[in-house]
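Fold and contact review
What follows is the residue order along each chain.
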Amino acid sequence: MSAPDTAAIFESAKEIDRLRDELKEVIQEINKLHKKLQTTPEVVEKPGDTSLSRLRHLYTRGKELSENEENVSNQLLKQLDALLPSGPSGQQRRRTGTAEGNDQKKKRVKTDSDIPKLSTSMRNHLDSCADLKGEEVAARVRVEGDKEEWLVVKVENFDRETRVFEVVDEEPAEDEEGGVQRKYKLPMSHIIPFPKKTEPGSAPDYPPGRPVLAVYPGTSALYKATVVNAHRKLFIRI
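Residues numbered from 1 in each chain as written. Predicted model: local features only at pLDDT ≥ 70, side-chain atom pairs only at ≥ 80, totals over all residues. Heavy atoms only, no water.

Describing the UniProt feature "coiled-coil region" (unreviewed entry) in the protein chain
Heads up, the rule is: UniProt positions are given in the numbering used here, feature names are shortened, and annotations may be inferred rather than shown by experiment. Going along the chain from the N terminus, every DSSP run of H or I of four or more residues is numbered as a helix, and every run of E of two or more is numbered as a strand.
UniProt records the feature "coiled-coil region" (unreviewed entry) for residues 9–40 in the present numbering. Between the first and last C-alpha atoms of residues 9–40 the distance is 47 Å; the span itself is 97% helix and 0% strand.

Side note on the pairing of strand S1 (residues 136–144)
For clarity, the cut-off: Here, a strand pair is defined by DSSP locating no fewer than two bridges between the strands.
Sheet analysis places S1 next to strand S2 (residues 147–159), joined by eight bridges and oriented antiparallel. Residue alanine 139 lies in a different strand from S2, and its bridge partner there is leucine 151. In this antiparallel pair of consecutive strands, S1 and S2, the connection spans two residues, and glycine 145 shows a positive phi of 60°. Note: S1 against strand S5 (residues 191–193), three bridges, orientation antiparallel.

Topic: unusual backbone geometry
When glycine is set aside, most residues are seen to have a negative phi, and most peptide bonds are trans. The following threshold applies: We call a residue buried when its accessible area falls under 20% of the maximum for its residue type, exposed when it is over 50%, and partly exposed in between, using a 1.4 Å probe and counting protein chains only.
A positive phi angle is found at arginine 163, which is not glycine, with a value near 60°. Among the structural elements, arginine 163 can be located in the loop between S2 and strand S3 (164–169). Take arginine 163: its relative accessible area is 7%, and that puts it in the buried class.

So, the sheet that holds S1
Two modes of strand pairing occur in sheets, parallel and antiparallel, and in both the strands are linked by backbone hydrogen bonds. This is how it is decided: Helix axes are fitted only over the stretch in contact, all axes being lines through C-alpha atoms; the angle between N-to-C directions runs from 0 to 180 degrees.
Spatial ordering of the open sheet is given by S4-S3-S2-S1-S5, a layout of five strands whose pairing is antiparallel. At either margin of the open sheet sits one strand with a lone partner, and together these are strand S4 (182–187) and S5. The average angle at which neighbouring strand axes cross in this sheet is 40°, direction not considered.

Concerning the pattern of salt bridges
Stated formally: Every case where a carboxyl oxygen of Asp or Glu lies within 4 Å of a side-chain nitrogen of Lys or Arg is listed as a salt bridge.
A full pass over the atoms with the stated rule returns 15 salt bridges. The salt bridge partner of lysine 63 is glutamate 67, with a shortest N-O separation of 2.7 Å. Here lysine 63 and its partner glutamate 67 are both found in helix H2 (residues 51–83), four residues apart, which amounts to about one turn of the helix. When salt bridges that share partners are traced, they join Glu15, Arg18, Glu22, Arg61, Glu64, Arg140 and Glu148 into one network.

Here we look at the environment of tryptophan 150
Where we set the bar: Throughout, a residue-residue contact means that at least one pair of heavy atoms, one from each residue, lies within 4.5 Å.
Within the secondary structure, tryptophan 150 is located in strand S2. Put simply, tryptophan 150 and alanine 139 are eleven residues apart on the chain and 5.4 Å apart in space, counted from C-alpha to C-alpha. Discounting residues that sit within four places of it in the chain, tryptophan 150 has contacts with Ala138, Ala139, Arg140, His190, Ile192, Leu213, Ser220, Ala221 and Leu222.

Section: the side chain of histidine 190
By the element assignment, histidine 190 lies in the loop between S4 and S5. In this structure, histidine 190 is in contact with Glu15, Ala138, Ala139, Arg140, Glu148 and Trp150, ignoring residues within four places of it in sequence.

A closer look at the nonpolar core
To keep things clear, this is the line we draw: What makes a nonpolar core is a set of buried Ala, Val, Leu, Ile, Met, Phe, Trp, Tyr and Cys residues whose side-chain atoms join them at distances within 4.5 Å.
By size, the foremost hydrophobic cluster in this structure holds 17 residues, and its most contacted members are Phe165, Val167, Leu186 and Ile191. Breaking this core down by element, the ones donating at least two residues are helix H5 (120–130), S1, S2, S3 and S4. No other element matches S2, which puts four residues into this core. Residue contacts for isoleucine 191: discarding those within four places in its chain leaves Val137, Ala138, Ala139, Phe165, Val167 and Leu186.

Considering the side chain of glutamine 75
Relative to the assigned elements, glutamine 75 resides in helix H2. Beyond its immediate sequence surroundings of up to four residues, glutamine 75 is in contact with Ser12, Thr162, Arg163 and Pro187.

Remarks on the environment of glutamine 75
Take glutamine 75: its relative accessible area is 17%, and that puts it in the buried class. In this structure, the C-alpha to C-alpha distance between glutamine 75 and glutamate 161, residues 86 residues apart in sequence, is 8.8 Å.

Re the packing of aromatic side chains
Put simply, the rule reads: We call Phe, Tyr and Trp rings a pair once their centres come within 6.5 Å, taking the six-membered ring for Trp, and we label the pair stacked below 30 degrees between planes, edge-to-face above 60, and tilted otherwise.
Counted according to the given criterion, the structure contains one aromatic pair. For the pair phenylalanine 158 and phenylalanine 165, a centre-to-centre distance of 4.6 Å together with 45° between the ring planes defines the contact as tilted. One exposure class covers both phenylalanine 158 and phenylalanine 165, and it is buried.

Focus: the pairing of strand S7 (residues 222–226)
Side chains on a regular strand alternate between the two faces of the sheet. Alignment of strand S6 (residues 211–215) against S7, held across five bridges, turns out to be antiparallel. Pairing of proline 211 across the sheet is with threonine 226, part of S7.

Considerations on H5
The line we're drawing: An arc is given here, and it is the one of the directions from the helix axis to the C-beta atoms.
Of all the positions in H5, only Met122, Leu126 and Cys129 are classed as buried. Taken around the axis of H5, the buried residues stretch over an arc of 55°, which confines them to a single face.

Structure (structure tokens):
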């Protein structure tokens with residue numbers, strides 16, 4: 001197993017752990033709201049109460065995290081499957097059978113492991129990702145060591161097989177000679193699409209207190225912020 005292969009597997013496993021931790025927090029918040037609504041159901045009738053919209057948002061976020069975990073898990077399985085067929089040289093010498101039989105076995109393994117059985121929702125999700133080519137999105141990228149930042153980037157390509165985005169930060173890097181535009185390869189879980197400008201109604205309406213991402217004026221950098229006005233549409237989220 002090469003170092004890049006090992007690093008990719010560890011990165012996928014780390015991402016699965018992160019998604020599960022975040023999903024656990026979402027479930028805890030859902031349980032708190034359930035308890036609140038069961039204890040004091042009349043609270044939803046009070047002016048300004050956002051319990052139901054908050055609950056809906058939590059369920060939506062939980063669904064997104066579950067789907068992202070499924071995507072990364074499938075990616076990890078493919079990374080592991082890619083390594084399994086090639087064993088140590090000693091194993092190769094001990095293999096028996098005719099060349100034809102071995103070739104047929106390889107074909108069966110490829111058929112079973114390389115042809116994914118996708119649900120309709122997953123196929124639709126992959127189609128949506130492919131449609132993002134040429135669009136601007138929010139992306140979580142690693143900038144220094146383990147430090148990560150959110151940036152506005154443009155999608156150059158999406159590989160349906162590996163489920164990896166190729167994106168570019170069109171704002172030239174200040175610390176690189178010649179103002180080179182930085183490019184990244186990112187998993188689906190690191191990308192957040194913006195609502196289409198032609199469909200303003202698709203932008204979610206966030207309640208006050210909701211953490212979001214906002215764009216620094218005149219840059220491609222995003223920073224964490226909190227909604228203070230429920231009547232303003234925000235086009236990015238965390």
